[in-house]
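Secondary and tertiary structure notes
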Amino acid sequence: MSNALKEKILVVEDDRGIGKFLCTNLSANGYDVVVSETGKVALELISSHCPDCILLDLGLPDMDGDQIIQQVRSWTRTPIIVISARTLETDKANALDLGADDYLTKPFSTVELLARIRAALRHTRTSSENGEIAMQGTFHVGELCVDYRKHRVFRSGQDMNLTPNEFRIVALLGMHAGQVLTYKHILRELWGPSASSDNKILRVHMANIRRKIEPNPDEPIYIFTEVGVGYRMAQPDEMGQQN
Ligand code: CA
């Protein structure tokens, strides 16, 4: 594939070992990779180079990754996947709420990273809405089908009888399959800006949803919990790997 057709990934990482590792792996997987070790150079590259996806370390020598997310989001929707050693749930939720698309905690596997990149790129191509949903009004993952026209969720063709609120939660996650949506984001999307920030109601809904849609609610395969951060719907190619 010629360079012009390759998708461009900007890696913002001051640890040279990790930067090199990412560069080698992503190049081997067909991406055109540029690495920046500082926030300043990263911001310049984002405007001059127009990457298709940004992998961002939060702890940079000249600025905090959060500042970069805020600045980038003031003018572009380019997907940002945060890669950080920070494991605090509040850090993750904060980065996602500032506009990052996804969050990976070091160490992570290349397989996982590639899956997250594919999900992020797919979302830009379909302008943050799943292409299948736009075309057919449905989202399929494994045996699950979210029908946006009928407002129903089916598994193996059987209606899972979700309540309207349960459907709205599944519908929202399905529209952003592969991406972690924070509790705050989900609450705001479903119940407006004045929604309570109490996650308890969401947890109750999710327990009911899982009882209905998951073959084994204790080991979900469709909707995953990012503890203390939010929920993520599996994407179809992820199910393929499991089967
Ligand atoms: Ca760092």
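Above this note sits the structure.
First, a word on what this report is: a plain description of the structure on this page. Here the structure is a predicted model, which means the values were calculated and not measured. (Residues numbered from 1 in each chain as written. Predicted model: local features only at pLDDT ≥ 70, side-chain atom pairs only at ≥ 80, totals over all residues. Heavy atoms only, no water.)

**Looking at the coordination of the calcium ion**
For the calcium ion, every protein donor is listed as Asp14 (OD), Asp57 (OD) and Gly59 (O), and the spread of their distances is 2.2 to 2.4 Å. Donor residues for the calcium ion sit on one chain with the sequence pattern D-x42-D-x1-G. Residue Asp14 is located in the loop between strand 1 (8–12) and helix 1 (16–28), and its partner Asp57 is located in the loop between strand 3 (53–56) and helix 3 (65–73); the two are separated by 43 residues in the primary sequence. (Donors = N, O, S within 2.8 Å, 3.2 Å for Na, K, Ca; no water. Helix = DSSP H or I, 4+ residues; strand = E, 2+ residues; numbered from the N terminus.)

**With respect to unusual backbone geometry**
Along the chain, Lys106 connects to Pro107 via a cis peptide bond; the corresponding omega equals -5°. Tracing the chain through its elements places Pro107 in the loop between strand 5 (102–105) and helix 5 (110–125). Unusually for a residue other than glycine, Ser156 sits at a positive phi of about 50°. Its location among the elements puts Ser156 in the loop between strand 8 (152–155) and strand 9 (158–159). Positive phi outside glycine occurs at Asn161, with the angle close to 50°. Residue placement: Asn161 occurs in the loop between strand 9 and helix 7 (164–175).

**Re the packing of aromatic side chains**
Per the counting criterion, the structure on display carries two aromatic pairs. Measuring from ring centre to ring centre gives 6.3 Å for Tyr148 and Phe167, while their planes differ by 70°; the resulting arrangement is edge-to-face. Of this pair, Tyr148 sits in the loop between strand 7 (144–147) and strand 8 while Phe167 sits in helix 7, placing them 19 residues apart in sequence. Just as Tyr148 is buried, Phe167 falls in that class too. When the ring of Tyr183 is compared with that of Tyr231, the centres are 5.4 Å apart and the planes differ by 80°; the resulting orientation is edge-to-face. Of this pair, Tyr183 sits in helix 8 (residues 183–191) while Tyr231 is found in strand 12 (residues 230–233), placing the two residues 48 residues apart along the sequence. For the pair shown, Tyr183 and Tyr231 are each scored as buried. Here the basic side chain of Arg168 rests over the ring of Trp191, its NZ or CZ set 6.0 Å away from the ring centre. (Phe/Tyr/Trp six-rings, centres within 6.5 Å; stacked < 30°, edge-to-face > 60°. Buried < 20%, exposed > 50% of the residue type's maximum accessible area, 1.4 Å probe, protein only. Lys NZ or Arg CZ within 6 Å of the ring centre and 35° of its normal.)

**Considerations on the pairing of strand 12**
Burial of the side chains of strand 12 extends over both faces: Gly230 and Arg232 are buried on one face and Tyr231 and Met233 on the other. Bridge count between strand 11 (residues 223–226) and strand 12: four bridges; the pairing is antiparallel. In the sheet register, Phe224 faces strand 12, and the bridge partner there is Arg232. The turn joining strand 11 and strand 12, which pair antiparallel and follow one another in sequence, is formed by three residues; a positive phi near 75° is taken by Gly228. (Pairing = 2+ DSSP bridges.)

**Some details on the nonpolar core**
Within the largest apolar cluster, 32 residues are counted, with the highest numbers of intra-cluster contacts made by Val153, Leu173, Ile213 and Ile223. Looking at this core, the elements that each hand over two or more residues are strand 6 (138–141), strand 7, helix 7, helix 8, helix 9 (200–213), strand 11 and strand 12. For this core, the element with the most residues is helix 7, which contributes six residues. Those residues in contact with Ile223 that sit more than four places away from it in its chain are Val170, Leu173, Met206, Ile209, Arg210, Ile213, Glu214, Tyr231, Arg232 and Met233. Counting residues in hydrophobic clusters, the runner-up holds 23 residues, among them Leu10, Leu56, Val72 and Ala95. (Core = buried A, V, L, I, M, F, W, Y, C linked by side-chain atoms within 4.5 Å. Contact = heavy atoms within 4.5 Å.)

**Description of the pattern of salt bridges**
Counted according to the given criterion, the structure contains eleven salt bridges. Between Asp102 and Arg116 there is a salt bridge; the shortest N-O distance is 2.8 Å. Taken together, the positions of Asp102 in strand 5 and Arg116 in helix 5 put the pair 14 residues apart, joining distant regions of the chain. Taking the relative accessible area as the measure of exposure, Asp102 reaches 2% and is therefore buried. (Salt bridge = Lys/Arg side-chain N within 4 Å of Asp/Glu carboxyl O.)

**Regarding the sheet that holds strand 7**
The sheet built from four strands is open, its strands ordered 6-7-8-9 with antiparallel pairing. Two strands close off the open sheet at either side, each with one partner strand: strand 6 and strand 9. Of the strand pairs in this sheet, strand 7 and strand 8 are connected by four bridges, and their pairing is antiparallel. Bridge assignment links Leu144 to a residue of strand 8, and that residue is Arg155.

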